[in-house]
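Structural overview for review
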Amino acid sequence: MASHGFVVIASLSSITSVADPLQGNRLPGIVGLDWLIQQADDPASPYYHHLDTAHIGALGHSQGGAATCISASDPRISAIATVSGTSANTGIHQPTLLFCGGKEAASVCTNIKALSISITTVPSMFVDNLASDHGGWLYQNGAKGPDIFAMTAWFRYWLMDDTAQRKYFYGSACTLCTDTRLEVARNTLLTQ
């Protein structure tokens, strides 16, 4: 993601979906986001006026995916994506891309797909990477693998207004929809 111009903040916590009482009961990712936005407004910071704080994405894997879904209620977050981890739709208000691995326990993909289907007011796409297990998506052709490539295209489209990425998600013959490595389900906002 950073090689595409995104600033990436990663928490050192292994329980990113649990609010930290020492940080005002905020999730670790939100603590990092707050810090980065403060840096963008601080004349002493190297990030001063160098960040697009109007277009913010959240991405997470496993526990981080659950944290991403919880953090989605933050109005500053413009688009989200998760891999093999979600949480209930308690505040998702932005375009949502949800991945699972076809070699994971069946309940993982079933729950992630159900969350994706429950999202009806913003574009939502579910992608089952059929050959992947919980962590195998990392090793499928690196950045050209379906997960990393799709997540990058998703954020380029929604956060950078890179309209060339639209073909991967929209329309009856979207690129990800015709990729035989994947099973895709989309809400009607993406099928038009």
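The structure contained in this document is the topic of the report that follows.

A separate point is helix H3 (residues 106-118). The end-to-end C-alpha separation of H3 is 18 Å, in line with the 18 Å expected for 13 residues at 1.5 Å each. The inward-facing, buried residues of H3 contact helix H2 (63-71), strand E3 (96-101), strand E4 (124-129) and strand E5 (182-186).

Within the secondary structure layout, Met1 lies in the segment before helix H1 (28-40). The partly exposed category is assigned to Met1, whose relative accessible area is 27%. Placed 167 residues apart in sequence, Met1 and Tyr168 show a C-alpha to C-alpha distance of 17 Å. Met1 has contacts with Phe6, Val8, Leu59, Met151, Thr152 and Phe155, leaving out every residue within four places of it along the chain.

So, about the sheet that holds E5. Taken in spatial order, the 5 strands line up as E1-E2-E3-E4-E5 in an open sheet, and their pairing is mixed. What marks the edges here is a single partner per strand, and that holds for strand E1 (56-61) and E5. Neighbouring strand axes in the sheet, compared pairwise and without regard to direction, differ in orientation by 15° on average. Pairing analysis gives 6 bridges linking E1 to strand E2 (residues 77-83), with the strands arranged parallel. Each residue of the ladder has a partner; that of Ala58, found in E2, is Ile80. Along the sheet, helix H4 (residues 146-160) contacts E1, E2, E3, E4 and E5; its crossing angle with E2, the most-contacted strand, is approximately 175°.

Before going further, it helps to spend a moment on a nonpolar patch on the surface. On the surface, a nonpolar cluster with roughly 360 Å² of combined accessible area is contributed by Val7, Ile9, Trp35 and Tyr47. You can see Val7 is positioned in the segment before H1.

The next thing to look at is the nonpolar core. The biggest cluster of nonpolar side chains holds 22 residues, and the ones touching the most others in it are Leu97, Phe99, Met125, Trp154, Phe155, Phe169 and Leu176. Listed by contribution, the elements that provide at least two residues to this core are E2, E3, E4 and H4. Top element by residues in this core is H4. It accounts for 7 residues. Sequence-distant contacts of Trp154, defined by excluding residues within four places in its chain, comprise Ala79, Ile80, Pro95, Thr96, Leu97, Pro123, Phe169 and Leu190. Core analysis: the second largest hydrophobic core is formed by 19 residues, Ile56, Ala58, Cys100 and Phe126 among them.

Parameters and conventions
Residues numbered from 1 in each chain as written. Predicted model: local features only at pLDDT ≥ 70, side-chain atom pairs only at ≥ 80, totals over all residues. Heavy atoms only, no water. Helix = DSSP H or I, 4+ residues; strand = E, 2+ residues; numbered from the N terminus. Expected span 1.5 Å × (residues − 1). Contact = heavy atoms within 4.5 Å. Buried < 20%, exposed > 50% of the residue type's maximum accessible area, 1.4 Å probe, protein only. Pairing = 2+ DSSP bridges. Axes fitted to C-alpha atoms, helices over the stretch in contact; angles between N-to-C directions. Patch = residues over 30% accessible without salt bridge, like charges linked within 9 Å, V, L, I, M, F, W, Y side chains within 5 Å. Areas by Shrake-Rupley, 256 points an atom, 1.4 Å probe, with all protein chains shown as cover. Salt bridge = Lys/Arg side-chain N within 4 Å of Asp/Glu carboxyl O. Core = buried A, V, L, I, M, F, W, Y, C linked by side-chain atoms within 4.5 Å.

Geometry only, nothing functional implied.
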